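Listed below, chain by chain, are the residues.
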Amino acid sequence: QVQLVESGGGLVQAGESLRLSCAASGRTFSATVMAWFRQAPGKEHEFVSAISTSGDRTYYADSVKGRFTISRDNAKNAVYLQMNSLKPEDTAVYYCAADALAFRLIPRRTSRDYGAWGQGTQVTVSS
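Residues numbered from 1 in each chain as written. Predicted model: local features only at pLDDT ≥ 70, side-chain atom pairs only at ≥ 80, totals over all residues. Heavy atoms only, no water.

Draft legend 1. Molecular detail of the pattern of salt bridges. For the structure shown, the criterion picks out 6 salt bridges. Note that Arg38 and Asp90 form a salt bridge whose closest N and O atoms lie 3.0 Å from each other. Of this pair, Arg38 sits in strand S4 (residues 34-39) while Asp90 is found in the loop between strand S8 (78-83) and strand S9 (92-99), placing the two residues 52 residues apart along the sequence. One salt bridge in this structure joins Asp62 and Lys65, with 3.3 Å as the shortest N-O distance. Owing to a relative accessible area of 51%, Lys65 belongs among the exposed residues under this scheme. Among the ionic contacts, a cluster of salt bridges with common partners joins Arg38, Glu46, Arg67 and Asp90. (Salt bridge = Lys/Arg side-chain N within 4 Å of Asp/Glu carboxyl O. Helix = DSSP H or I, 4+ residues; strand = E, 2+ residues; numbered from the N terminus. Buried < 20%, exposed > 50% of the residue type's maximum accessible area, 1.4 Å probe, protein only.)

Following this line, the structure appears as structure tokens:
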């Protein structure tokens, strides 16, 4: 497992963009699937996006497909989430997560498959 720290959240208006970053400390980052989840007020955790170990395969929730882009830089032990065309319904605390199982080939979409989590970063989108 790794330790994760998110950053880049903030308050923006609808239609604007934000770029979230997740810094990882650990020796197995490059062998670990990474993902982003979010939790809106009064709601459960929601899968947002995941990326394979090499970055060649990405997965997105239907609600963000075409607007968000996940990427990773294994040399920097970092994963990113570029969020464009933000909507008020994107308002949530965003969490970076690392797969509990190293060397997984196909990323999972459920929170129980991820063993390390960051503290979260708040994203607020006003209308």
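Draft legend 2. Structural context of the environment of Leu105. Inspection of the secondary structure assignment puts Leu105 in the loop between S9 and strand S10 (114-117). For Leu105 and Ser52, which are 53 residues apart along the polypeptide, the C-alpha to C-alpha distance reads 7.0 Å.

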